[in-house]
Amino acid sequence: MMFNNENVRVSPKATIGKNVRIGDDTVIFENVVIEDNVTITHNCVIGEPLNAFYSDPDYENPVTVIGANSLIRSHAIIYAGNRLGEYVTTGHRINLRENNLIGHHSVIGSCVDIQGNAIIGNYCRLYSSVAIAPLTSIGNYVCIYAFVVLTNDPYPPSSDLKGCSISDYTQIAAQSTILSGVHIGSNCLVGAGSVVNHNVPDYSLVKGNPAKFVMDIRKFVMLGKGRLYPWMYRFSRGMPWKDIGYENWMNNQDTSVKNGIDKEK
Amino acid sequence: MMFNNENVRVSPKATIGKNVRIGDDTVIFENVVIEDNVTITHNCVIGEPLNAFYSDPDYENPVTVIGANSLIRSHAIIYAGNRLGEYVTTGHRINLRENNLIGHHSVIGSCVDIQGNAIIGNYCRLYSSVAIAPLTSIGNYVCIYAFVVLTNDPYPPSSDLKGCSISDYTQIAAQSTILSGVHIGSNCLVGAGSVVNHNVPDYSLVKGNPAKFVMDIRKFVMLGKGRLYPWMYRFSRGMPWKDIGYENWMNNQDTSVKNGIDKEK
Amino acid sequence: MMFNNENVRVSPKATIGKNVRIGDDTVIFENVVIEDNVTITHNCVIGEPLNAFYSDPDYENPVTVIGANSLIRSHAIIYAGNRLGEYVTTGHRINLRENNLIGHHSVIGSCVDIQGNAIIGNYCRLYSSVAIAPLTSIGNYVCIYAFVVLTNDPYPPSSDLKGCSISDYTQIAAQSTILSGVHIGSNCLVGAGSVVNHNVPDYSLVKGNPAKFVMDIRKFVMLGKGRLYPWMYRFSRGMPWKDIGYENWMNNQDTSVKNGIDKEK
């Protein structure tokens, strides 16, 4: 019922890898590259043309890449110029404006809206309806929960846009808002419903409107659970250390990664 | 223009009742049961297969039921395993992941995202873009307004998920966030934009970030309006007591319902 | 790939102007008027019928107007009874319930949900996922950022609905909630994540939950930037004064406009 090749339209200028499945009613535009073993389900639009398409007769669609082994669920709109890494998984109805870079093994939840020119690292998870403004930069192993909004205008309306940056391992709980230009360090936890209007140092727990520093997250203890952060020692689902544990995995990383981590300490 | 039978695909393994209308471009997957007098408008997907579909050659789609006299508006994605009661009405673009139970006469607003394994009672109303995490449990006659997010992870990221529970007659105003595992009693009112991080007793008015107890809702008086809560004595649109009033209706209920209500007092 | 006339359905009772492009898989219902030079991209529904359509055999679809030179991006649902001015641009997946009036040159972002019977002025910008309740009234040159919710029920659930009103030039930053019946004056700035539960005078900067008055916006100075508000003297992209500056433009306006502005001073 899903891969019947009904009403599928693939541009002759698209490049389709081996073992690719494309669902009914899906459209693949010019200059899209679908790598091997990708599944794109029904009703998707891959390589949606940019604004110039509507007015420029010489318009050429930028290259779009869907990395190998990725799964794009239904009703996605992925503009031309996006580059998704391998093993990316999405929910339904995602909206990716042009020129985002999304790392491998990241998960993009239903209705996520990435408004273009954003960088998202590897093994990130964006839950439902996360909204990411242009110029945002997100590291690796970052989770952003439902309905978080990352903004980029410091005094609206302006053209002086500054995206947020969020470092590795940080967790941003549901419904939070991050103001333009704010840097959130690594290994932070931002409580649900926070409004973050200033930079947050590594290993901070912050929450509230406006968000205030509560404690070093390494000192956070939950009754009967003990220390819970950094979370990588207790949670590994979908992470590269899932079979060997974070410590062993980290010991096997090359020096640059370890230095990166050391630097954060 | 809507029921022309254009581009409609219905699995031969679906069961379609009497007097059912199915809109153009709608897909009905295997093992979906559409009861009598249901209207499903255009561009819907009913019985969307679960993840295993993509990898398991022996995959069998779980049963999905759309109860009699329901109206599903366009662009819905309803996964396999959902069971909707009778007279359910939805807005557009709802997203129901697998295995939710939704009671009869409930209204699911546009873009509502119910992420699976949730229970929603009878005569509930979820307004636009409400997001409900797995394991949520919602009673009867509950209204949840636009952009409310119910979460389920007490220390993200974890696998120790605990859904929220919300009891009968409670109202949760727009943009509020309910933290994992929180129980909100019956007949409560949660003010708009609240972040609720602790249990809330029956008949409470709470608001703020974090939400604080304001007063017993039965003592809330609005100038020129008098007492407004419990609301069932002044509001009946779409409710089972709409023709006879709440008091008469309640007197006609059987003992177990009345005991339920008594218990809440 | 977008304007191939594949699976396009246009009612014979629709009126289509000159030089109109209609994307694949788009449906245009009865009594829709598409003015000249409009582009409607793929997968749109224009003139979606009202509730009575499902039950009334004599149902007549109200007139819907898409003003000249407008661009409606994909997956829009625009109900019958909407009237959009000229040069309106939309993002993807907008949802316009019936009987909204939307002024010329306004921009409606992706996933915006306008729930019917709302008035939106000229040169407004609504960013992604803004939700606007029925009976809302918005002036001209207003920007409302991502995930702002405007409500209309003063004591939910009730039938005593009162929309918000927002005057010219006002900016409402992301994730804010405006409570029922609140009037926000002209030239205001509402900080991100605010919950506004009372009227706001012209030229106010307010923020927080609940929102509190911070200062007269004309006194707001940013280090190295000087005075930033009223913003019209420093920002003109997409505005009618973009070639001549706000002051010159205003001097060319007729007396009624100037009186309106004077009144606000």
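Please read these numbers as outputs of a predicted model, since none were measured by experiment.

Trainee: Please set out the interface of chain A and chain C residue by residue, giving values where relevant.
Mentor: Contact with chain A, which involves 43 residues of that partner, is made by 38 residues of chain C. Across the contact surface, chain A and chain C share four salt bridges. Notably, a salt bridge pairs Asp25(C) with Arg9(A), separated by 2.7 Å at the nearest N-O pair. The interface formed by chain A and chain C contains 23 residue pairs in polar contact (both at pLDDT 80 or more).

Trainee: An account of the pattern of salt bridges is needed here, citing residue identities and associated values.
Mentor: Tallied over the full model, the rule gives 21 salt bridges over all chains. A salt bridge links Arg9(B) to Glu6(A), with the shortest nitrogen-to-oxygen separation between them at 3.3 Å. Of the two residues, Arg9(B) is situated in strand β1 (residues 9-10) and Glu6(A) in the segment before β1 (9-10); the pairing between them involves two chains. Looking at Arg9(B), the relative accessible area reads 7%, which means it is buried.

Trainee: Describe in detail the relation of the copies chain A and chain C, supporting the description with residues and values.
Mentor: When chain A is fitted onto chain C, the two copies agree to an RMSD of 0.0 Å after a turn of 120° and an axial shift of 0.0 Å. Such a combination of rotation and displacement between the chain copies is what one expects of a three-fold axis. Using C-alpha coordinates, one finds that chain A approaches the rotation axis most closely at Asn209(A), a distance of 4.0 Å. The share of interface residues of chain A whose copies in chain C are also at the interface is only 14%, consistent with the copies meeting through different surfaces.

Trainee: Just give me the short version of the pairing of strand β30 (residues 212-216) of chain B, but keep the residues and values in it.
Mentor: All names here are of chain B. Here strand β29 (residues 204-207) runs beside β30; their pairing, made up of four bridges, is antiparallel. Bridging from a neighbouring strand, serine 204 pairs with aspartate 216 of β30. What sits between β29 and β30 in their antiparallel hairpin is a turn of four residues, with glycine 208 showing a positive phi close to 105°.

Scoring rules and cut-offs
Think of each chain on its own: its residues are numbered from 1, step by step along the sequence as written. Written order determines the labels here, with chains lettered from A and ligands numbered from 1. In keeping with the model being predicted, local features are shown solely for residues with a pLDDT of at least 70 and side-chain atom pairs are shown and tallied solely at 80 or more, while totals for entire chains, interfaces and linings include all residues. Computation of side-chain values: all heavy atoms of the structure, hydrogens and water removed. Note on definitions: a residue-residue contact is assigned when non-hydrogen atoms from the two residues lie within 4.5 Å. Criterion for a salt bridge: a side-chain nitrogen of Lys or Arg within 4 Å of a carboxyl oxygen of Asp or Glu. The definition of a polar contact used here is a pair of N or O atoms within 3.5 Å, where within protein one atom must be able to donate a hydrogen and the other to accept one, and adjacent residues in sequence count solely through side-chain atom pairs. Each helix is a run of H or I in the DSSP string that is no shorter than four residues. Each strand is a run of E no shorter than two, and both are numbered from the N terminus. Each residue's exposure class comes from its accessible area (1.4 Å probe, protein chains only) as a fraction of the maximum for that residue type: buried when under 20%, exposed when over 50%, partly exposed otherwise. In superposing the copies, a least-squares fit is computed on C-alpha atoms, taking residues whose pLDDT is at least 70 in both. Strands were regarded as paired on the criterion that DSSP finds at least two bridges between them.

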